[in-house]
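The lines below spell out each chain.
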Amino acid sequence: MSLGVEEVRRIAELARLRISAREEATFAGQLSDIVDYIDQLREFDDGAASFEETETASDVADNDLPRPAAAAGPADLDETPLLDQFLDNAPASLDRFLLVPQVKATPGGDE
Amino acid sequence: MQPLTAEGLAAAIRSGERNAVDTVEAAFARIEKADGSVGAFLELWRDEATERAAGIDSRRDEGLPLGPLAGVPTALKDNMSLAGHELNCGSRILAGYRAPYTAGAVERLVAADAVPVGRVNMDEFAMGSSCENSALATTRNPWNLAMAPGGSSGGSAAAVAAAEVPLALGSDTGGSIRQPAAFCGVVGVKPTYGRVSRYGLVAFASSLDQIGPLARNVRDAALALGAIAGPDPRDSTCSEEPVSDFLEPIEDGIEGLKVGTIREVRTSSLEGDAARGFEQALEALARCGAELVEVSVPLVETAVATYYVLANSEASANLARFDGSRYGHRAAGARSLGEMYTDSRSEGFGPEVKRRIILGTFALSSGYYDAYYGRAARIAGALRQQFADAFEQAELLVTPTSPGGAFRLGERVDDPLAMYLSDVFTTPTSLAGIPGISVPCGLDSRGLPLGLQILARPFADGTALRAARAFERETGFECRPEPVQ
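One structure accompanies this document, and this report is about it. Everything numeric here is computed off the predicted structure, so don't read it as measured data.

Rules and cut-offs
- Residues numbered from 1 in each chain as written.
- Chains lettered and ligands numbered in written order.
- Predicted model: local features only at pLDDT ≥ 70, side-chain atom pairs only at ≥ 80, totals over all residues.
- Heavy atoms only, no water.
- Contact = heavy atoms within 4.5 Å.
- Buried area = accessible area lost by both parts, 1.4 Å probe.
- Salt bridge = Lys/Arg side-chain N within 4 Å of Asp/Glu carboxyl O.
- Phe/Tyr/Trp six-rings, centres within 6.5 Å; stacked < 30°, edge-to-face > 60°.
- Helix = DSSP H or I, 4+ residues; strand = E, 2+ residues; numbered from the N terminus.
- Buried < 20%, exposed > 50% of the residue type's maximum accessible area, 1.4 Å probe, protein only.
- Axes fitted to C-alpha atoms, helices over the stretch in contact; angles between N-to-C directions.
- Parallel < 35°, antiparallel > 145°, perpendicular 65-115°, else oblique.
- Nonpolar A, V, L, I, M, F, W, Y, C, P; charged D, E, K, R; others polar.
- Core = buried A, V, L, I, M, F, W, Y, C linked by side-chain atoms within 4.5 Å.
- Left-handed = near helix turned anticlockwise from the far one by under 90°.

**Description of the interface of chain A and chain B**
- Taken together, the contact pairs 64 residues of chain A with 70 residues of chain B.
- Across the chain A to chain B interface the summed buried area is about 5,800 Å²; carbon plus sulfur atoms make up 65%.
- Along the contact surface separating chain A from chain B lie four salt bridges.
- Among the ionic pairs, Asp343 of chain B bridges to Arg18 of chain A, the shortest N-O distance being 2.6 Å.

**Topic: the packing of aromatic side chains**
Residues and elements named next belong to chain B.
- Here the structure, examined in full by the defined rule, presents 15 aromatic pairs over all chains.
- Ring centres of Phe322 and Phe349 lie 6.5 Å apart, and the angle between their planes is 85 degrees; this geometry places the pair in the edge-to-face category. With Phe322 in the loop between α9 (303-318) and α10 (337-348) and Phe349 in the loop between α10 and α11 (351-364), this pair connects stretches of sequence that are 27 residues apart.
- Residue Phe322 is classed as buried on the basis of its relative accessible area, which comes to 5%.

**Focus on the packing of helix α2 (residues 20-38) of chain B against helix α3 (residues 46-61) of chain B**
All names here are of chain B.
- Two elements in contact, α2 and α3, have axes whose closest approach is 7 Å; the angle formed by their N-to-C orientations is 155 degrees. When the axes of α2 and α3 are compared, the pair comes out roughly antiparallel. Across the interface between the two elements, Ala20, Val21, Val24, Phe28 and Glu32 of α2 pack against Arg46, Ala49, Thr50, Ala53, Ala54, Ile56 and Asp57 of α3.
- Looking at the contact of α2 with α3 residue by residue, the class counts come to eight nonpolar, one polar and three charged.

**A look at the environment of Ala54 of chain B**
- Along the polypeptide, Ala54 of chain B turns up in helix α3.
- Through-space distance from the C-alpha of Ala54 of chain B to that of Gly154 of chain B is 30 Å; in sequence the pair is 100 residues apart.

**Some remarks on the nonpolar core**
- Counting residues in hydrophobic clusters, the biggest one holds 175 residues, and the most contacted among them are Phe125, Phe387 and Leu452 of chain B.
- Setting aside its immediate chain neighbours within four residues, Leu452 of chain B contacts Phe278, Ala281, Leu285, Val398, Thr399, Thr401, Ile437, Ser438, Val439, Cys441 and Phe471 of chain B.

**Description of the packing of α9 of chain B against helix α12 (residues 370-393) of chain B**
Residues and elements named next belong to chain B.
- Here α9 crosses α12 at 120 degrees, and the two axes come no closer than 9 Å. For the element pair α9 / α12, the angle class is oblique. The element α9 and its partner α12 pack so that their crossing is left-handed. Together, Thr306, Val309, Leu310 and Ser313 of α9 and Tyr372, Tyr373, Ala376, Ala377, Ile379 and Ala380 of α12 make up the contact between the two elements.
- A breakdown of the residues in the contact of α9 with α12 according to their chemical character gives eight nonpolar, two polar and no charged.

Shown next as structure tokens:
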């Protein structure tokens, strides 16, 4: 099946991506080729086997014992509480909380 | 002069014949000399590496035992965490991100006394087969600087091939260790799924991702795999299956071992003289005493399509976490949370990552789920069963690693499907969760390396390594890329 520009835009929105008009056209062509190629799978699917049934690996459960959060690494890092290490990576934080733009729309706003 | 092996370096450092500090310094000197043209490294960890090496030397001087990789300079792919160090996954969206903890495989590597010297380039989020999707750097193939090193672990393969380091870790989701290893003339091991911990590896497709070593010879790869393999309760898919000694039986040869070729792997589709390279590889295996048989795995033909549905579906879910709120790039000026998500992702991800997220979102979306994700999952299950049946008739299977040697930088960037098809022989292994090793099998007419892929049953990684070693002994390939000598 081919994917049109409209369809690509709709899926991109679902994935929280904005793409330019030029990219939309390029992607529509490229993704159509890829989906066409993928469509060959139709003739191989007898609907029988399932992924889960033939799983070779089995899940391993953690023993849930407490342990220090950060093991190896530079000494100064070990002395920083883990929360601070995570917050150091945050684009914005306030009083040890992540700071993000307004979540709920104001009346008359865009979202 | 051929550079020392990881095994040889570690032995010399343990015995006191060499110092770890000098060894690490020599690696940095070599990187300085060669990496200007190769472009494998994104960052060097000079001070920390020197400090770690000094610690190894002083432990030896105190008569304390050293690990199997004592003082071996090692490169890490840019998607593995080492506490306190930046990690970008080849992407702008992770600019400035510092790992708060160390990956399980890297912990084991360091516990074996290897010395991480820096991080190396990769396709953004490991999505690519040429390293050209990196947002950070261009890496070149040491055998011909106009050629791609392969991908996504292109930096790992190029650094090892150029003798900048004897050892690198890569990750493989659909061929990302094996294909660059083949393109660069080095050995690359994708272990059995679950053999090596994925804790601290940035996730691409969690049901397929696996960390493995790249080295200049099979013994070094076996040594490294032995060091990083083993259980890790922090990765629920990491197996508790005991790790065997990969080195001890590695010289035992493959006399009388049944080695299968796959009927549906059509050598007629190989590029250039890759078919001849594969034929010669089969002759070498026969000279090693292998009994060659033919098996059938009809669904291998579907693997690329199946892989790109499953891997990208998982990626679309895994990459949802990069939204500008907790780490990495945040777009400026967003007025709402939703706008911040969309703007940050749109600015931070490159075109291939966007393409794949869109493809994965499509395959999982209402109305298409069963026709794409559901179907691919069923076919992957059937393919895994076909591999299990094939391994009833042969201990090992062999294929070319890639349809041809390295391609030119820029040649396939505008044709994603053509890029995907270079994974035609590596994706089936990934879907089946079985181990696959790429070992050099000579040069093509352009003087570029070709790889032989050796596959084994789940957790028979050691058998594949033993065969790879026998093959290497028989063919005597030397990794000596002219442009970086």
